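Secondary and tertiary structure notes
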Amino acid sequence: MKRLLCLLAVWGLILGLAGCKNTKPVQKTVFAMDTVMDLQIWGADAEAAAERIASLLTDLDRTWSAAKEESLIGQLNRGKDIALTEEQSQLLTRVQQLSEHTSGAFDPQMLSVSRAWGFYEKEYRIPTEEEISLALSDPKWDLGAALKGYAGDRAVALLENSNVDCAILNLGGNIQTYGQKADKTPWQIGIQNPGGSDYVGILSVVGTCAVVTSGDYQRYFEKDGIRYHHIMDPETGCPADSGLASVTVICRNGLTADALSTALFVMGLEKGTELWRQSNDFEAVFITTEGEIYATAGAALSGCEYEVIDR
Ligand code: ADP
Ligand code: MG
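Rules of the game
- Counting restarts for each chain: residues are numbered from 1 in the order of the written sequence.
- Lettering of chains starts at A and numbering of ligands starts at 1, both following the order in which they are written.
- The predicted origin of the model limits local features to residues at a pLDDT of at least 70 and limits the giving and counting of side-chain atom pairs to 80 or more, whereas totals for whole chains, interfaces and linings rest on all residues.
- Excluded from the side-chain calculations are hydrogens and water; all other atoms, namely the structure's heavy atoms, are used.
- Numbering of helices and strands runs from the N terminus; a helix is a DSSP stretch of H or I covering at least four residues, while a strand is a stretch of E covering at least two.
- Exposure is judged per residue with a 1.4 Å probe applied to protein chains only, and the accessible area is read against the type maximum: over 50% gives exposed, under 20% gives buried, and values in between give partly exposed.
- We call a residue near a given molecule or strand whenever any one of its heavy atoms falls within 4 Å of it.
- Polar contacts here mean pairs of N or O atoms no more than 3.5 Å apart (in protein, one a potential hydrogen donor and the other a potential acceptor; neighbouring residues in sequence count only if both atoms are side-chain atoms).
- Under the convention used here, a 1.4 Å probe and the Shrake-Rupley method define accessible areas, while residue burial counts only the protein chains that appear.
- Definitions used for this entry: grid spacing 1 Å over protein atoms alone; cavity, a set of points where a 1.4 Å probe fits but cannot get out; pocket, an open set with protein on both sides within 12 Å along at least 5 of 7 lines; lining residue, one with an atom within 4 Å of a point.
- Any molecule with more than half of its atoms within 2 Å of a cavity's or pocket's grid points is regarded as sitting in that cavity or pocket.
- Simply put, an axis is a line fit to the C-alpha atoms, just over the touching stretch for a helix, and the angle between two N-to-C directions goes from 0 to 180 degrees.
- Geometric relationships in this document are graded by angle, where less than 35 degrees denotes roughly parallel, more than 145 denotes roughly antiparallel, 65 to 115 denotes roughly perpendicular, and other angles denote oblique.
- When checking whether two residues touch, look at their non-hydrogen atoms; a contact exists if any pair is within 4.5 Å.
- Three classes are used: nonpolar for Ala, Val, Leu, Ile, Met, Phe, Trp, Tyr, Cys and Pro, charged for Asp, Glu, Lys and Arg, and polar for all others, with Gly counted as polar.
- Think of it this way: DSSP has to see at least two bridges between two strands before they count as a pair.
- Grid points are joined across faces, edges and corners, and a volume is the space filled by probe spheres set on the points.

A closer look at the environment of Q40
- Within the element layout of this structure, Q40 appears in strand β2 (residues 35-42).
- With relative accessibility at 5%, the residue Q40 sits in the buried group.
- Note: C-alpha distance between Q40 and K24 (16 residues apart in sequence) is 9.2 Å.

A closer look at the site of ligand 1
- The environment of ligand 1 is formed by 19 residues, the closest being D142, K148, S214, M232 and T262.
- Here a nitrogen atom of ligand 1 and a backbone polar atom of A105 are 3.0 Å apart.
- H230 places a polar side-chain atom, nitrogen or oxygen, 2.8 Å from an oxygen atom of ligand 1.
- Taken by itself ligand 1 offers 570 Å² of open surface, and the protein chains cover 94% of this.
- Here ligand 1 occupies the largest pocket.
- Here the element with the most residues in the shell around ligand 1 is helix α8 (residues 254-278); it accounts for 3 residues.

Details of the packing of helix α4 (residues 86-101) against α8
- Taken N-terminus to C-terminus, the directions of α4 and α8 make an angle of 5°; their axes are 10 Å apart at the nearest point. Considering the angle they form, α4 stands roughly parallel to α8. In this structure, α4 uses L91, R94, V95, L98 and H101 to contact α8, whose residues at the interface are L255, T256, A259, L260 and L275.
- Classifying every residue of the contact of α4 with α8 gives 7 nonpolar, 2 polar and 1 charged.

A short note on the pairing of β2
- Along β2, 8 of the 8 residues are buried, which leaves the element largely enclosed by surrounding structure.
- Here 7 bridges tie strand β1 (residues 26-32) to β2, and the two strands are oriented antiparallel to one another. Bridging from a neighbouring strand, K28 pairs with L39 of β2.
- Here β1 hands over to β2 after 2 residues, with M33 in that stretch at a positive phi of 55°.
- When β2 meets strand β3 (residues 166-171), the two strands line up antiparallel, connected through 6 bridges. Following the sheet pairing, L39 is matched in β3 by L169.

Here's the deal with the layout of surface pockets
- Approximately 890 Å³ is the volume attributed to the largest pocket.
- Around the largest pocket sit 41 residues that line it, and Y120, D142, G144, A145 and H230 are the ones nearest its centre.
- Those elements giving two or more residues to the lining of the largest pocket turn out to be β1, α2 (46-64), α7 (147-160), β7 (209-215) and α8.
- Among the elements that make up the lining of the largest pocket, the one with the highest residue count is α8 (4 residues).

Structural data, given as structure tokens:
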């Protein structure tokens, strides 16, 4: 519930800041991928596009949710030999490439580890060292860190083939914009304060773009005053402890943005900055557990004080 309230609060900000003027958008709320998704679409065929995106989201959830036994991924995890469509095998190839690209910090086969900590059954517990090493040696697919981003890309493809002007989709905290607002001003997206339900700053993005945040406040449990969150370090099998409270990635591609936000969160500020320097397809905003904000040179961040990371 806490998570839902936070998402709604930030979405409220986005609505206030981002609306296309002149016309009213079609709005639709969908519950998929274990979270609330809000669609806002402007244009002649916005209604039909919203319907199609809603069923796309439900379909992707049904196919790729590791929590659903009968999903494609559930069957793959049980070792069933299933023929994949080209699109499906492309997605699995791409997440594996993203894993290599991030030196394994994004690992799409961490299900057993997340399960050992109770994140799947939502029966949280601290596993023993033996349980952690057993889980690390049992790779099972979980696209939880990439699926909402991929859904954003698929939704964009659908919007490109519809008669709509522009759209902003909140896919459970992953923001996906499409096209240009009617008044030609950039989309304005609030970055949530990891320590509260307000926001620390505003990102401006132009055109079609994904803005994805991974944070230690999104899903967690507390025991003896210690917070155990849901982003696992594949090297230790424990919640990543890199000194970051959140990472926001801005990227034209949603899947890449999603995988990278998780990876950079695991890698921490220094290694994350290195990866950014070697890349040219994304920008990032890092917030440390001390509340310091760092933004890469190309991130259009305003409304807060921060240190710029240069090339
Ligand atoms: P959220 O899904 O809350 O927006 P993320 O995109 O960072 O946040 O994804 C976190 C989810 O990804 C976890 O709930 C888990 O299912 C899975 N996961 C956890 N650690 C990793 C990791 N290192 N690499 C890839 N997936 C992970
Ligand atoms: Mg992610």
